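# Examination of the molecular architecture
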Amino acid sequence: PNRVRRLLAEGKAPIGHMLMEFATRGMAKITQRADLDFVLIDMEHSGFDFGQVNDLLSWYKATPVTPFVRVPSSDYDFIARVMDAGAKGVMVPNVKTPEQAKQVVDAVRYAPEGDRGLGLGLSHNDFVRPNPREYMATANRDNLVICQIESTEALDNLEAIAAVPGVDVLWVGHFDISQSMGIVAEFGDERFISVLKKVAEAAKRNGLAAGIQPSSQEQAREWMSYGYNLISYGA
């Protein structure tokens, strides 16, 4: 079961961590001992290959920590492979349009909610062939679609992206969005703070979670006060 979905449904704020560089076999238990709710396994900015990601997803099955994968792009082949390897959802960088968000949903969700290919009895099923209809419905309820808002174009399309059925989380990529605004890393700038509030409000209005990755406890407290309720702390 997806621990993050359960906690969000209970009105709590799941706390996680981004995995980059280190994909050792002990990582799953180390992050469990840190009492994390989820991890984000990064394929955008790290050197992880698919085999390393597959290993991590397998090791996380021995823990209650929910593993998500940040894929390099919204392409179907990236998303489908990590989902079949056992990811409980994907984070997709730099989603700019509702059409792109729909492309992500289609790759994560099975019919009738999406267009994910149906390969059964593989890693995501623990190598046991399930009842297809029951499994598809359960997976559609369980898996998470996280769209990163990282550009002024995405801000222009924010309501339309948030309204795409199957999107679960709007996640601000704070460095990239500040770069797109021409105020790179100026996180105290009122224009940046206004954007943070705008995204959190759009998420709440559409029944979605708002995610972000603060760099300090002070930053975490501030951003959570704006409505961010899915927090990845550190990498």
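Summarised in this report is the structure supplied together with it. Starting from 1, residues in each chain are numbered consecutively following that chain's sequence as written. At least 70 in pLDDT is required for a residue's local features to be given in this predicted model, at least 80 for side-chain atom pairs to be given and counted, and no such filter applies to totals for whole chains, interfaces and linings, which use all residues. The basis for the side-chain values is all heavy atoms of the structure; hydrogens and waters are excluded.

### Overview of the side chain of Asp-42
Filter applied, for reference: Runs of H or I in DSSP of at least four residues are treated as helices and runs of E of at least two as strands, each being numbered from the N terminus. Whether two residues touch is decided by their heavy atoms; if any such pair falls within 4.5 Å, the residues are in contact.
With respect to the helices, strands and loops of the structure, Asp-42 is situated in strand β2 (residues 38-42). If we skip the residues at most four places from it in the chain, Asp-42 touches Met-18, Leu-19, Met-20, Phe-48 and Arg-70.

### A word on the layout of surface pockets
In plain terms, the rule: Cavities and pockets were defined on a 1 Å grid built from protein atoms only: a cavity is a group of points that admits a 1.4 Å probe but offers it no way out, a pocket is an open group of points flanked by protein on both sides within 12 Å along at least five of seven lines, and a lining residue is one with an atom within 4 Å of any such point. Grid points are joined across faces, edges and corners, and a volume is the space filled by probe spheres set on the points. Gly is placed with the polar residues, together with every amino acid not listed as nonpolar (Ala, Val, Leu, Ile, Met, Phe, Trp, Tyr, Cys and Pro) or charged (Asp, Glu, Lys and Arg).
Its boundaries defined by the atoms lining it, the largest pocket holds a volume of some 480 Å³. Along its surface, the largest pocket is lined by 23 residues, and Pro-1, Gly-86, Lys-88, His-124 and Asp-142 are the ones closest to its centre. Residue assignment for the lining of the largest pocket shows that the elements contributing at least two residues are α3 (50-60), β3 (66-70) and α6 (132-142). Partitioning the lining of the largest pocket into residue classes produces ten nonpolar, eight polar and five charged. Roughly 260 Å³ of volume is contained in the second largest pocket. Lining the second largest pocket are 16 residues, with Arg-70, Gly-173, His-174, Phe-175 and Gln-213 positioned closest to its centre.

### Thoughts on the side chain of Gln-32
What counts here: Relative accessibility thresholds used throughout: buried, under 20% of the residue-type maximum; exposed, over 50%; partly exposed, between the two (1.4 Å probe, protein chains only).
Topologically, Gln-32 is positioned in helix α2 (residues 27-33). Under the relative-accessibility criterion, Gln-32 is labelled buried at 18%. Excluding residues that lie within four positions of it along the chain, Gln-32 makes contacts with Ala-62, Thr-63, Pro-64 and Val-65.

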